[in-house]
Amino acid sequence: MDKFIRMVIFGALAVAILLQVTTAQTEHVVGDDMGWTIPINGPTAYTSWASDRTFKVGDTLVFKFSTNNHDVQEVSISSFEECSTDNAIGESITTGPANVTLESPGDHYYICTMGKHCKAGQKLAITVSGTDTPGANDLTSNTRAQNALPPPSSSTIVFASFLFSLSLIALGIFL
């Protein structure tokens with residue numbers, strides 16, 4: 001009976017750890033193999049790419065590009081439509097590859113500001129879903145940005161893996 005109780009406790013611990021690890025953020029390589037470049041078929045390339053994915057707060061966008069050839073700038077919807085940096089959000093990222101952590105729910109717009117790259121289709125629009133907190137998506141964008149939960153860190157994943165390993169060792173010792 002004592003062995004059975006230990007196995008149940010170990011099983012519950014293992015499930016809890018695995019759930020923690022599976023809720024970690026997702027890394028999305030923008031454009032997959034194409035990367036962040038001027039797409040051959042215009043803006044539909046990035047629109048199609050984004051339509052196949054679900055983006056959540058805490059996920060990371062990886063823009064793969066060569067430094068000095070492209071950049072990444074988050075902009076407002078009006079700037080996105082006009083390929084303008086008039087309403088830039090944050091600083092332009094000029095060193096590739098660039099990792100952008102999605103910190104707030106809502107619509108996000110990214111363009112390349114080099115030459116006419118944006119007008120040629122190097123732009124990305126995504127919708128980021130928020131937390132599972134009721135009403136989180138009803139807040140204004142400023143409030144959402146302030147209240148967004150921080151993404152799980154890699155240290156959380158390392159800690160979970162460490163706990164899982166210790167559990168396996170304990171199971172081997174006590175069973």
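Residues numbered from 1 in each chain as written. Predicted model: local features only at pLDDT ≥ 70, side-chain atom pairs only at ≥ 80, totals over all residues. Heavy atoms only, no water.

- Per an unreviewed UniProt entry, the chain goes by Phytocyanin domain-containing protein and derives from Anisodus acutangulus.

1. Here we look at the pattern of salt bridges
And step 1. Summed over all chains, the structure comprises one salt bridge.
And step 2. The partner of D32 in a salt bridge is R53, with the nearest N and O atoms 2.7 Å apart. Note that D32 is positioned in the loop between β1 (27–29) and α2 (44–51) and R53 in the loop between α2 and β2 (55–56), a separation of 21 residues in sequence. (Salt bridge = Lys/Arg side-chain N within 4 Å of Asp/Glu carboxyl O. Helix = DSSP H or I, 4+ residues; strand = E, 2+ residues; numbered from the N terminus.)

2. Some points on the pairing of strand β7 (residues 106–111)
And step 1. Counting buried positions over the six residues of β7 gives five, a clear majority of the element.
And step 2. The pairing of strand β4 (residues 72–75) with β7 spans three bridges and is antiparallel. Bridging across to β7, E74 finds its partner in Y110.
And step 3. Where β7 meets strand β8 (residues 123–129), six bridges bridge the pair, whose relative direction is antiparallel. Bridging from a neighbouring strand, D107 pairs with T127 of β8. (Buried < 20%, exposed > 50% of the residue type's maximum accessible area, 1.4 Å probe, protein only. Pairing = 2+ DSSP bridges.)

3. Looking at the sheet that holds strand β6 (residues 98–101)
And step 1. With mixed pairing, the three strands of this open sheet are ordered in space as β1-β3-β6. For this open sheet the edge positions go to β1 and β6, each flanked by a neighbour on one side alone. Sheet twist, expressed as the mean angle between neighbouring strand axes with direction ignored, is 25°.
And step 2. Taken together, the four bridges between strand β3 (residues 60–63) and β6 define a ladder with antiparallel strand orientation. If you follow F63 over to β6, its bridge partner there is A98. (Axes fitted to C-alpha atoms, helices over the stretch in contact; angles between N-to-C directions.)

4. Re the side chain of H28
And step 1. Mapped onto the secondary structure, H28 falls in strand β1.
And step 2. Setting aside anything within four residues of it in sequence, one finds H28 in contact with W49, R53, T54, F55, D59, T60, L61 and V62. (Contact = heavy atoms within 4.5 Å.)

5. What about unusual backbone geometry?
And step 1. A cis amide bond, omega -10°, links G96 with the succeeding residue P97.
And step 2. We note that N68 has phi near 75°; this positive angle belongs to a residue other than glycine.
And step 3. Its place among the elements puts N68 in the loop between β3 and β4.
And step 4. Overall, N68 belongs to the exposed group, its relative accessible area being 66%.

6. Description of α2
And step 1. Those residues of α2 not exposed but buried are A45, Y46, W49 and A50. Taken down its axis, α2 places every buried residue within 125° of arc, on the same side. Along α2, exposed side chains directed more than 90 degrees from the buried face belong to T47 and S51.
And step 2. As for α2, its buried residues are in contact with β1, β2, β3 and β8. (Arc of directions from axis to C-beta.)

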